[in-house]
Structures are given as C-alpha cells and as structure tokens.
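Here is what each chain is made of, one letter per residue.
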Amino acid sequence: MTTSIASGSATARTYEVRTYGCQMNVHDSERLSGLLEDAGYLKASEGTQADVVVFNTCAVRENADNKLYGNLSHLAPIKEANPDLQIAVGGCLAQKDRATITEKAPYVDVVFGTHNIGSLPVLLERARVQEEAQVEILESLEVFPSTLPTKRESAYAAWVSVSVGCNNTCTFCIVPSLRGKEKDRRPGEILAEIEALVAEGVSEVTLLGQNVNAYGVEFGDRQAFSKLLRACGEIEGLERVRFTSPHPAEFTDDVIEAMAETPNVMPSLHMPLQSGSDRVLKAMRRSYRSTKFLGIIDRVRAAIPHAAITTDIIVGFPGETEEDFQATLDVVRESRFSSAFTFQYSKRPGTPAADLPDQISPEVVKDRYGRLVDLVNEIAYDENKKNVGRTLELLVAEGEGRKDSSTNRLSGRAPDNRLVHFDAAGVEGVRPGDMVKVEITRAAPHYLIADNPVLEVRRTRSGDAWEARQGQTEPETRSVGLGMPSVGVPAPLPAAPACG
C-alpha cells in the first residue's frame, strides 16, 4: 500500500508530468499520474508551478538529451528559489543515461528507468527525507505496468498494453536495449481490463505494444493476436478497437481476417515501412522486403476496401543512395498511404547504425525529406478527396480541432481514423464520446470537412462519462507535452521509428 505523500503538510503537493516520445511513453505517463494521485498528490492547475515535475523521456532522437537538459535548465532557477520543488526524470533516456543525468543536472531529485515506474512515489519521498538524489534503474521488468494505478487522459478512449519490450534488432533502434525483450500479458488479463474500461464508459480502445502483432510469442501462440482481436469483438459496449504498431515481418493473414470479420475492429492500419529499398531494409535489419510489404497492403485492401493505411518512413539512413530513395518513393506511390510520419535519420548513440559508414549529409537528407513529404501530402489529399460525398459516423473528440472555436466546428474521428471537422450548428450539447453522422463536403491533405448540418446524433455512455468528469473538482487540462503530431484519440502518437 502506498503511503500518502501529502502527510505532514497542510495541503497536498501538486504534480505535472511532461511526456516525450511514442505511445508507450504516453500510456506510461497515465500510470505515473495514477501512481502520484494514489500517493496523495493532486494534478497542478494550468498555469501554476507544480511541486513535483516529472519528465518521461524518449531516447529515439539524437538530440533527445539536449531537449531534456534544456527543459531542466528552465527549472533550475525555480528550484533554487524553492528547494521544496522536486524534479524526476524517467523513461528511455533515463534508462540509457542513468547517473549522467544527475551529473549534468545535480538539482534533479529522482532518476528512474522504464522497468520500475512504480517506484516513483517512494523515490520522491526518499529523496525528500534523505535530501539527496535517488537513482534507481532496474535491468528487467519489476512488475507488468498494467497492474499499476492509471489516470486515463480520456473518458471515452483508452490505451491497453498487450505487451512491453521488443525482440527485434533493427540497427537504428535503441528501444529493445531500454525496454527489454518482449513480455506478453495473458489474454484474460487484457480482456478483463478492457471490460472494466467499458464499464467506466470507454467505447474505444487501442491495443498497444512495441511490436503488437508479435503478441503471443512468449507463450507460444502464433495466432494469439488475431484471437485477441476477435475476443474484443465479443465485449458488449466496446464500439471501436484499434492497435499499434505492428511489424510487417510478422503480420499474418489471420490478423487481416480478424480485422475484416470483427465489426468493432476499425478499418485502419499503421504499418511502418521505414524504407522502400530492399538494400536499406537489409542494412536496417528489417526482416521483410518491399514485395512482402506491398503484398500485405494489397491483401488488407482486398479484405477491407475502405481501410486507411498509415506508415513511418526514415529518410537518409546511412548509405542510402538516390536510387534507394527513389525505391521508397515508388512504394509510397503504390501503397497510397492516407498519411505518413516521416523522419530524417538521426544517430542514436548505442545503436549499430550510429557507427555505420556513409552517413548522409544533412543537405541531402533535407532535400529528400522535402520531396517525400510533398509526395505523401499529394497522395493523402487524393485519397481524402475520395471521401467527399460519403456519410461517416464520427466519434466526437476533445481538443483535436485547434480552430474549432473560431470556425464554429467540432471535430471527430471516422472509423478509419481520419480527422473530420464538422458544423456544430444545431448540435448544442453534443459531447466528446458521443457519435454523429455527417456527410463529407470537402477534403484537405490532413483532414476532412463536413459543412452540411449533422445528419444524426447518438448520445453515448462515453459522452456521459466525459460529462461526469467535468463535474470533478480537480482540473482536467492536459499536462502532457507531446513531441510529435497526434493521429487519433486519446491523442495518440505515431510510432517512433524505433518502435515499428
């Protein structure tokens, strides 16, 4: 049982969690928030300085440490003026850099790794009592994170981890060394968590894993993931099921069949390509080639004609030639992605690729990146225009339309996860989590627009759950600062290139 940290003080201490990185980090931050609140902390109100600031870090990008130390430096004078302020650093960068964090930023109170996030409240209290930094980095998973208390950021959509860790050895990726080998949860535990979430009002879940479709490898069932998808289809009240991120090498036809035959599994798929060049894929140790990748895309589209397929692509991997880059463009043209998360290759210290010869000059990488983005946007726009005139049912989302207040629109997600901005006239009282049917009138490269009146509104238990949250006394503003663009609810991130 966790000891309340608020003991001995007139008011409870407040916290803020700042998150960078992939979906796994976002979900870990929900657990960190849950742990802190279970220990007696309260979430800091927007615009106020929290008593405890937690950085949940990512180590995927080359400049991840610069970003962390830059953010830490902003807190240094605040800490000097208020020694009771506590600063904690966790996540992948903490797992990698461990003691060097307190050397470079000696005012940090706690450093914890990816395998022991459950220790945070105890480490904070120990640092406060002993008045010295606490560094605790475990080399293997202490307890499966799903057993920890969780404060969900959304009332209507939730992440559900099916596994942690990864058994792949991609040369650009540092994640396996930081999160360890794949550890799978038992199906009954996963389904019980989903059922509990649905009982609380959640109507959409996203199954989450570093390599989600390899689920079952630990207990020897190669079809465990497709069985899990089908089992989700039996949960009453669960309207939408998504998953991220799969790996092309292990993406099997039984998963495609389960997607097509299970009504609440949504027609959307995030399938990381990384490169269209077989030579580069081999250098990356990606155990598939472009032909296999395109074959998966063809079979998905044959089984699910309206599926929207998104991807990750790395530009400028060491040794990439113009011919290699053209091969990537060819696969992009053939795949017709609805969107792609594109990354300029950057060295990750500790990965094999960081020491490869023939590193590409920044000027060449920037040029190729620009050409790729132009092609991706052109194709995404063409694919979005195919939706004009269609009637789509949207899950009304919270905070996804940055201009909604000025345009008198609301925003929601279509079944295929496309973002749709729709006319709010006449639908006063519709809530995040409710469902609306709209006719698409216009398209843009990154979203759709429905300017005609809403055709139908369906109030849902998820909307009720969202509305109930608004009556809570604690502030509901997000404190999670995300380093990459959102692609769905609850504000998920595309898989970082190290995670797909």
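Residues numbered from 1 in each chain as written. Predicted model: local features only at pLDDT ≥ 70, side-chain atom pairs only at ≥ 80, totals over all residues. Heavy atoms only, no water.

Remarks on the overall build of the protein chain
Right, so step 1: Scanning the protein chain for helices and strands turns up 15 helices and 21 strands.
Right, so step 2: In the protein chain, the proportion of contacts linking residues at least 24 apart, taken out of those at least 6 apart, comes to 75%.
Right, so step 3: Surface summary for the protein chain: the accessible area is close to 20,300 Å², and the carbon and sulfur share equals 50%. (Helix = DSSP H or I, 4+ residues; strand = E, 2+ residues; numbered from the N terminus. Contact = heavy atoms within 4.5 Å. Areas by Shrake-Rupley, 256 points an atom, 1.4 Å probe, with all protein chains shown as cover.)

Some thoughts on the UniProt feature "binding site: [4Fe-4S] cluster 2" (unreviewed entry) in the protein chain
Right, so step 1: Using the residue numbers shown here, the UniProt feature "binding site: [4Fe-4S] cluster 2" (unreviewed entry) corresponds to Cys 166, Cys 170 and Cys 173.
Right, so step 2: Relative to the helices and strands, Cys 166 resides in the loop between strand E8 (163-164) and helix H6 (175-179).
Right, so step 3: Classification of Cys 166 as buried rests on a relative accessible area of 8%.
Right, so step 4: Structurally, the position occupied by Cys 173 is in the loop between E8 and H6. (UniProt positions renumbered as here; feature names shortened; annotations may be inferred. Buried < 20%, exposed > 50% of the residue type's maximum accessible area, 1.4 Å probe, protein only.)

A look at the packing of aromatic side chains
Right, so step 1: For the structure on display, the rule yields 5 aromatic pairs.
Right, so step 2: Both rings, one in Tyr 288 and one in Phe 293, keep their centres 6.4 Å apart while their planes meet at 35 degrees; by these two values the pair is tilted.
Right, so step 3: A ring pair is formed by Phe 293 and Phe 337, whose centres lie 6.2 Å apart and whose planes are at 65 degrees; its orientation type is edge-to-face. In this pair, Phe 293 sits in helix H11 (residues 290-303) while Phe 337 sits in the loop between helix H12 (322-335) and strand E14 (339-344), placing the two residues 44 residues apart along the sequence.
Right, so step 4: Its end group placed over the ring of Tyr 381, Lys 385 keeps NZ or CZ at 4.4 Å from the ring centre. (Phe/Tyr/Trp six-rings, centres within 6.5 Å; stacked < 30°, edge-to-face > 60°. Lys NZ or Arg CZ within 6 Å of the ring centre and 35° of its normal.)

A short note on the sheet that holds strand E11 (residues 240-244)
Right, so step 1: Strand order across the open sheet formed by 3 strands is E7-E10-E11, with parallel pairing between neighbours. Unpaired on one side and paired on the other, strand E7 (157-161) and E11 mark the two borders of the sheet. Across the sheet, the axes of successive neighbouring strands diverge by a mean angle of 25 degrees, strand direction being ignored.
Right, so step 2: The sheet contact formed by strand E10 (residues 204-208) and E11 spans 5 bridges and is parallel. Paired with Val 205 across the strands is Val 241, a residue of E11. (Pairing = 2+ DSSP bridges. Axes fitted to C-alpha atoms, helices over the stretch in contact; angles between N-to-C directions.)

Describing the pairing of strand E13 (residues 308-315)
Right, so step 1: Counting buried residues along E13, 8 of its 8 residues qualify, which places the element largely inside the surrounding structure.
Right, so step 2: The pairing of strand E12 (residues 268-270) with E13 spans 3 bridges and is classified as parallel. Across the sheet, Ser 268 pairs through a bridge with Ala 308, a residue of E13.

Details of the nonpolar core
Right, so step 1: Ile 194, Leu 207, Leu 229, Phe 243 and Phe 251 are the most contacted members of the largest nonpolar core, which has 65 residues in total.
Right, so step 2: Look past the residues within four positions of Leu 207 in its chain and what remains in contact with it is Val 160, Val 162, Ile 194, Val 212, Phe 225, Leu 228, Leu 229, Cys 232, Val 241, Arg 242, Phe 243 and Thr 244.
Right, so step 3: Within the second largest apolar cluster, 23 residues are counted, among which are Leu 72, Ile 101, Ala 105 and Ile 174. (Core = buried A, V, L, I, M, F, W, Y, C linked by side-chain atoms within 4.5 Å.)

Details of the pattern of salt bridges
Right, so step 1: With the rule as written, the count across this model stands at 33 salt bridges.
Right, so step 2: Measuring nitrogen to oxygen at the nearest pair gives 3.4 Å for the salt bridge that ties Glu 204 to Arg 242. A residue pair is termed long-range when its members are at least 10 positions apart, and Glu 204 in strand E10 and Arg 242 in strand E11 qualify at 38 residues. Considered together, Glu 204 and Arg 242 belong to a single accessibility category, that of buried residues.
Right, so step 3: One salt bridge in this structure joins Asp 330 and Arg 333, with 3.1 Å as the shortest N-O distance. In this pair, Asp 330 and Arg 333 both sit in helix H12, 3 residues apart, roughly one turn of the helix.
Right, so step 4: Look at Asp 330 and you get partly exposed, because its relative accessible area is 43%. (Salt bridge = Lys/Arg side-chain N within 4 Å of Asp/Glu carboxyl O.)

Examining unusual backbone geometry
Right, so step 1: Residue Ser 245 is reached from Thr 244 by a cis peptide bond, and omega for that bond is -10 degrees.
Right, so step 2: Note on placement: Ser 245 falls in the loop between E11 and helix H9 (253-261).
Right, so step 3: You will see that Asp 358, though not glycine, has its phi angle at about 60 degrees, which is positive.
Right, so step 4: If you trace the backbone, Asp 358 turns up in the loop between E14 and helix H13 (362-385).
Right, so step 5: What makes Asp 358 exposed here is its relative accessible area of 56%.

Here we look at H12
Right, so step 1: Counted at 1.5 Å a residue, the expected span for H12 with its 14 residues is 20 Å, and the 20 Å between its end C-alpha atoms agrees.
Right, so step 2: Every buried residue of H12 is accounted for by Asp 324, Phe 325, Thr 328, Leu 329, Val 331, Val 332 and Ser 335. Buried residues along H12 cover an arc of 160 degrees about the axis, so they all sit on one side.
Right, so step 3: Of the residues trailing H12, Arg 336 is marked for its positive phi of about 55 degrees. (Expected span 1.5 Å × (residues − 1). Arc of directions from axis to C-beta.)

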